[in-house]
Amino acid sequence: MFNFLAPQKKAPVVEDHQAILFKKDKWLSLIGVFIGYAAFYIVRNNFTLSTPQLKDALNLSKGQIGLLSSCLLISYGLGKGVMSAWADKTSPKRFMALGLTMCALLSMCLAFFGHSYSAVAVILILLGLFQGTGVGPAFITLSTWFSKQERGWITAIWNCSHNVGGGLISPLAGFMMGMVGASHWRFAIYVFPALVALAIAILIAILIKERPEDEGLIPLAENKIVEKDLDYQHLSNWEILSKYVFNNPGAWLVSLMDTFVYMIRFGILTWLPIFLIQVKGFTHAEMMVAFAFFEWAAIPSTLLAGILSDKLFKSYRMPPAIIALILIIFCIFGYWNSKSIGMVTTYAALAGCLVYIPQFLDSVQTMEVVPPFAVGSTVGLRGFMSYVFGSTFGTSLLGVAVDHWGWNAGLVLLLFATIACLLCAVGLHIFAIRLHRQINSKK
């Protein structure tokens, strides 16, 4: 197994073919990580889609459904931490393909063995762990094949893959449900998407390439500058993590920033339906419209933020994030205090449009605060903190605060998270400027 996951080194490519092959391989790799990461969501969000049928089939309470969702969420955070760190020393394409295959098989297990509450919980914990194999290889691929000057808009394109994958599960399952009938919902929701994911796992193993140097190509110039004085080839995963991540202020700043971003995102997203119906008097239909605007507004804003960070801000990622976070403060006040349905919906959409900007740009910054060989480990630390702490604070802590002190306590927590995130973004920008000067001095 470990030999299978090791990077596969090829003979050096002749100089005349270097540029053409590098260009072809990097675009194939982008296509591979895009459809690959989208496929992870097909065999993850299918559980959420199945909860009404699962609740009836196993006679579960809402609390039990919530606990099952927490099993998946927390184990995913742990999986991102462990698996992303492991990915630094593996073949990105094989690691991602194997992880997606395991997720597909576990999705099938939900159909064939998920007939009790405890069995579903165990399968979801394992599913969450293997879901963590998707993001590390994607970031490693993007950071080694695409230069800093183009990484913003390229990562923005890749970042939309989770919206594509999350949006595909409903029509896929709905199509198969129409073919086999509602009584075979387990096959339609669990097995059929898993078969699609297995086909994509084979495809990404073909499309995604190894790191440029393993493909016999010359690495990006900026990566050669960072790595030329570092003897990293024989470092263990723990040595990479302890030396280049835990001792790196930039790695902690991107992780803390992502934690507070997730607190804002889940704090609004999780409680949006209840808040709009109970406090603002929305109907269910009006709430669904506002909810949709919150989610889908992320796509154009993410793409625009990536382009602006590349072109207008000269590959500095934090200025657009800082602007977005300042605007989020005003949007939260507007969302909380507006009375009309139109204004509340507008502020909710704007908050959704803006909150994904710092989340996305923080992910791009992650690839630029550590050496390329430590990207997976840094992504792992960031993912662990954002899912285990950030999402928990945004859901459970905010819920407890609202229960004890009312909805205004939720407002205070969201504002605290936004201000803390803003301070992290400012700190990251200062760190990025110093790092840029340090790298330039070595040229």
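Residues numbered from 1 in each chain as written. Predicted model: local features only at pLDDT ≥ 70, side-chain atom pairs only at ≥ 80, totals over all residues. Heavy atoms only, no water.

A.B. asks: Please explain the overall build of the protein chain as it appears in this structure.
C.D. replies: On a plain count of helices and strands, the protein chain comes out with 19 helices and zero strands. A globule of 443 residues ought to have a C-alpha radius of gyration of about 22 Å, and the protein chain, at 22 Å, matches this closely. Summarising its shape, the C-alpha atoms of the protein chain cover approximately 65 × 50 × 35 Å along the three principal directions. Relative to its full complement of 443 residues, the protein chain shows a buried share of 56%. Once the 31 positive and 22 negative side-chain charges of the protein chain are each reduced to a mean point, those two points are 3 Å apart. (Helix = DSSP H or I, 4+ residues; strand = E, 2+ residues; numbered from the N terminus. Rg over C-alpha atoms; globule rule 2.2 N^0.38 Å. Buried < 20%, exposed > 50% of the residue type's maximum accessible area, 1.4 Å probe, protein only. Lys, Arg positive; Asp, Glu negative; His and termini not counted. Charge placed at Lys NZ, Arg CZ, Asp CG, Glu CD.)

A.B. asks: Any chance you could explain empty space enclosed by the protein here in plain terms?
C.D. replies: Any empty space left between the atoms is revealed when a probe the size of a water molecule rolls over them. Under the definition given, this model contains three cavities of 30 Å³ or more. Estimated volume of the largest cavity: approximately 190 Å³. Surrounding the largest cavity, 16 residues form its lining, Y37, Y41, N159, Y262 and Q359 being those nearest its centre. For the lining of the largest cavity, the elements supplying multiple residues, two or more each, are α2 (15-42), α4 (62-87), α7 (135-145), α8 (148-159), α13 (249-278), α17 (341-366) and α18 (375-405). Per-element accounting of the lining of the largest cavity gives the leading share, three residues, to α17. Residue composition of the lining of the largest cavity, by class: nine nonpolar, four polar and three charged. (1 Å grid on protein atoms, 1.4 Å probe; cavity = no way out; pocket = protein on both sides within 12 Å on 5 of 7 lines; lining within 4 Å. Points joined across faces, edges and corners; volume = space filled by probe spheres on them. Nonpolar A, V, L, I, M, F, W, Y, C, P; charged D, E, K, R; others polar.)

A.B. asks: How should I be thinking about the side chain of R151 in this particular structure?
C.D. replies: By the secondary structure assignment, R151 is in helix α8. Exposure remark for R151: the relative accessible area of 3% places this residue in the buried category. In this structure the side chain of R151 is engaged in a polar contact, spanning 3.4 Å, whose partner is the backbone oxygen of S143. At a separation of 2.9 Å, a polar atom in the side chain of R151 contacts the main-chain carbonyl oxygen of F146. (Polar contact = N/O pair within 3.5 Å; in protein donor to acceptor, adjacent residues only side chain to side chain.)

A.B. asks: Is there a simple way to think about the nonpolar core in this case?
C.D. replies: Grouped burial of nonpolar side chains is what soluble globular proteins tend to show. Grouped together as the largest cluster of nonpolar side chains are 128 residues, with contacts concentrated most on L54, L100, W158 and M257. Looking at which element gives the most residues to this core, the answer is helix α19 (residues 407-440), with 15 residues. Ignoring anything within four residues of it in the chain, the contact list for W158 reads L30, V33, F34, Y37, V135, A138, F139 and L142. Grouped together as the second largest cluster of nonpolar side chains are five residues, L5, M83, F95 and I140 included. (Core = buried A, V, L, I, M, F, W, Y, C linked by side-chain atoms within 4.5 Å. Contact = heavy atoms within 4.5 Å.)

A.B. asks: How should I be thinking about helix α9 (residues 161-180) in this particular structure?
C.D. replies: Helical geometry: 3.6 residues make up each α-helical turn, so side chains three or four residues apart lie on a common side. Between its first and last C-alpha atoms α9 spans 28 Å; for 20 residues at 1.5 Å apiece the expected length is 28 Å, and the two agree. At L168, α9 shows its strongest bend, of approximately 25 degrees, with the proline P171 following within four residues. For α9, the complete set of buried residues consists of S161, H162, N163, G165, I169, L172, A173, M176 and M177. (Expected span 1.5 Å × (residues − 1). Bend = angle between axes of the 7 residues up to and from the residue.)

A.B. asks: Just checking my understanding: could you explain a nonpolar patch on the surface for this structure?
C.D. replies: A cluster of nonpolar residues, I323, I326, L327 and F330, forms a patch on the protein surface that exposes about 390 Å² of accessible area. Within the secondary structure, I326 is located in helix α16 (residues 318-337). (Patch = residues over 30% accessible without salt bridge, like charges linked within 9 Å, V, L, I, M, F, W, Y side chains within 5 Å. Areas by Shrake-Rupley, 256 points an atom, 1.4 Å probe, with all protein chains shown as cover. Salt bridge = Lys/Arg side-chain N within 4 Å of Asp/Glu carboxyl O.)

A.B. asks: Help me out: how do you make sense of the packing of aromatic side chains in this one?
C.D. replies: Any aromatic ring pair is given by two values, namely how distant the centres are and how the planes are angled relative to each other. Within this structure, the stated rule accounts for 19 aromatic pairs. Geometrically, the ring pair formed by F260 and F416 is edge-to-face, given 6.0 Å between the ring centres and 85 degrees between the ring planes. With F260 in helix α13 and F416 in helix α19, this pair connects stretches of sequence that are 156 residues apart. Relative accessible area serves as the criterion here: at 17%, F260 is assigned to the buried category. For F416, a relative accessible area of 48% translates into the label partly exposed. Ring geometry for F384 against F389: centres 6.0 Å apart, planes inclined by 85 degrees, an arrangement best described as edge-to-face. (Phe/Tyr/Trp six-rings, centres within 6.5 Å; stacked < 30°, edge-to-face > 60°.)

Just geometry here; none of it tells us what the structure is for.
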